[in-house]
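Chain and residue survey
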Amino acid sequence: MLRLEARAQPSALMQTAAPLLALAATVVGGGILFLILGKNPFVSIRIIFWDPLFDASLVSYTRPQLLVKAAPLIMIALGLSFGFRAGIWNIGAEGQFVMGALAGSAVGLALHPLEAFWILPLMVLCGIAGGIAWAMIPALLRVYFRTNEILVSLMLVYVSYRILTALVTGPLRSPIGYNFPESRSFHDNPSMHNAELWSGTGIHIGILVAGILVVVCWYVMRRHLFGYHVNLMGQSNKVAGFAGVRINLVIICCLGITGALAGAAGVFEVTGPAGKLSPHFPVGYGFTAIIVAFLGRLNPIGILFAGLLMALTYIGGELAQFILDAPAAAIQVFQGMLLFFLVAADLLVNYRVKLAVPGGLFKPRPAESDAGGKST
């Protein structure tokens with residue numbers, strides 16, 4: 001039998017290299033997956049990782065789209081990183097993303113057909129408020145009733161899906177949509193449209209906001225007192241309490257930050273690339289952002305590059321579906337492999353695998369003897 005033994009001093013080099021090793025293992029595992037599906041593994045990996053960046057016939061579209069896909073992932077992952085560093089496991093960012101989009105969209109649709117420069121900023125603010133409100137449910141239940149925020153936040157994701165479906169088939173359904181379950185198109189009203197900054201690129205204001213947030217979150221995490229409190233809580237709640245950290249307040253703030261950034265990302269997405277609300281609006285960004293956060297080592301700069309990498313798998317996956325007729329589920333498995341191998345790499349960095357002693361998984365402590373020679 002095998003047992004895990006904590007390493008006295010994990011290698012700093014291996015901790016840094018773990019995401020790269022996980023990526024390499026994912027490439028190998030993904031190649032095997034495509035081989036099982038009857039596809040050429042080398043061609044499949046080239047299409048996913050190489051062609052979107054370097055194929056001359058594709059780059060005019062794929063390179064800007066990398067930024068479009070990466071922006072919501074980066075924003076949500078930045079919010080998640082605060083909670084994860086503090087030991088607060090918010091798995092429901094997808095629900096906060098959806099509820100933020102709903103809140104912002106509802107305000108915009110209520111103002112239709114009014115046109116004014118302040119409508120889109122107001123929608124973003126309402127989206128932030130909607131995301132925060134949804135995140136406060138697991139936050140307050142954790143603080144006042146000691147419930148598990150993992151279960152509560154995850155279950156609320158599916159509640160948000162049902163609310164979205166109810167609204168787009170009811171109050172928010174477009175009166176000119178031929179009874180289809182979708183809202184009006186935000187592209188039809190310039191005041192509600194998160195338009196392209198450069199024509200034909202798809203790049204919108206949300207991408208610039210995501211870039212600014214990387215810098216802001218890095219500063220808060222590294223230089224601000226709140227970031228110190230978050231990191232201290234991640235080490236030990238008891239130590240943080242003795243140091244004067246208001247633990248319950250930090251829990252509420254961390255979940256609130258995630259809700260705010262996820263809600264803002266939802267509004268930028270629905271008013272930009274998506275264009276309208278529909279039951280198919282959720283695309284899993286909130287769940288994928290968990291992979292981005294850990295792949296980026298909960299560091300804002302790392303999250304920036306991890307978000308771009310994960311966006312590459314989205315773009316490359318779409319190409320693989322089109323060129324190779326690969327199933328969409330295969331790309332989701334591919335992304336799941338990345339998280340699996342990252343967790344496995346982290347485990348081996350911090351623990352060594354040893355054979356268990358015959359008596360069990362854990363080696364018993366030697367008996368102690370008192371002054372009279374009797375064992376205790």
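Note that the structure is a prediction, hence the values are computed from the model and not measured.

So, on to the overall build of the protein chain. When its secondary structure is counted, the protein chain shows 14 helices and two strands. By its C-alpha atoms, the protein chain is 90 × 55 × 40 Å across when sized along the principal axes. Per-residue burial over the protein chain gives 48% buried out of 376 residues. Long-range pairs, those at least 24 residues apart, make up 76% of the contacts in the protein chain between residues at least 6 apart in sequence. Only carbon and sulfur atoms are counted for the fraction: they give 68% of the accessible area of the protein chain, which is about 18,800 Å². With 23 positive and 15 negative side-chain charges, the protein chain shows a separation of 12 Å between the mean positions of the two kinds.

This next bit is on the packing of helix H5 (residues 93-111) against helix H7 (residues 149-168). Axis separation between H5 and H7 bottoms out at 8 Å; the angle between their running directions is 25°. In terms of axis orientation, H5 runs roughly parallel to H7. In this structure, the crossing between H5 and H7 has a hand that is left-handed. Packed against H5, whose contacting residues are Glu94, Gly95, Val98, Met99 and Leu102, the element H7 presents Val157, Ser160, Tyr161, Ile163, Leu164 and Leu167 at the interface. Here the residues of the contact of H5 with H7 are counted per class, giving eight nonpolar, two polar and one charged.

So, about the domain arrangement of the protein chain. Accessible area lost upon the coming together of the parts is a frequently used measure of interface size. When the domains of the protein chain are assigned, the result is domain 1 (1-39 + 327-376) and domain 2 (71-325). Taking only C-alpha atoms, the centre of domain 1 and the centre of domain 2 are 31 Å apart. In this assembly, 14 residues from domain 1 lie in contact with 13 residues from domain 2. Taken together, the links from domain 1 to domain 2 amount to one salt bridge. Arginine 297 is the salt-bridge partner of aspartate 346, the closest N and O atoms lying 2.5 Å from each other. Taken together, the connections running from domain 1 to domain 2 amount to four residue pairs in polar contact (both at pLDDT 80 or more). Top element by residues in the side of domain 1 that touches domain 2 is helix H14 (residues 328-350). It accounts for eight residues. Grouping the amino acids of the side of domain 1 that touches domain 2 by side-chain chemistry returns ten nonpolar, two polar and two charged.

Ile76, Leu78, Phe82, Phe97, Met233, Cys254 and Leu277 are the most contacted members of the largest nonpolar core, which has 98 residues in total. Here the element with the most residues in this core is helix H4 (residues 59-85); it accounts for 13 residues. Among the domains, domain 1 (1-39 + 327-376) and domain 2 (71-325) are the pair contributing at least three residues each to this core. Dropping the residues within four chain positions of it, cysteine 254 is found in contact with Gly79, Phe82, Gly83, Ala86, Ile88, Phe226 and Val230.

Quick notes on the rules
- Residues numbered from 1 in each chain as written.
- Predicted model: local features only at pLDDT ≥ 70, side-chain atom pairs only at ≥ 80, totals over all residues.
- Heavy atoms only, no water.
- Helix = DSSP H or I, 4+ residues; strand = E, 2+ residues; numbered from the N terminus.
- Buried < 20%, exposed > 50% of the residue type's maximum accessible area, 1.4 Å probe, protein only.
- Contact = heavy atoms within 4.5 Å.
- Areas by Shrake-Rupley, 256 points an atom, 1.4 Å probe, with all protein chains shown as cover.
- Lys, Arg positive; Asp, Glu negative; His and termini not counted.
- Charge placed at Lys NZ, Arg CZ, Asp CG, Glu CD.
- Axes fitted to C-alpha atoms, helices over the stretch in contact; angles between N-to-C directions.
- Parallel < 35°, antiparallel > 145°, perpendicular 65-115°, else oblique.
- Left-handed = near helix turned anticlockwise from the far one by under 90°.
- Nonpolar A, V, L, I, M, F, W, Y, C, P; charged D, E, K, R; others polar.
- Domains from an automatic or database assignment.
- Salt bridge = Lys/Arg side-chain N within 4 Å of Asp/Glu carboxyl O.
- Polar contact = N/O pair within 3.5 Å; in protein donor to acceptor, adjacent residues only side chain to side chain.
- Core = buried A, V, L, I, M, F, W, Y, C linked by side-chain atoms within 4.5 Å.

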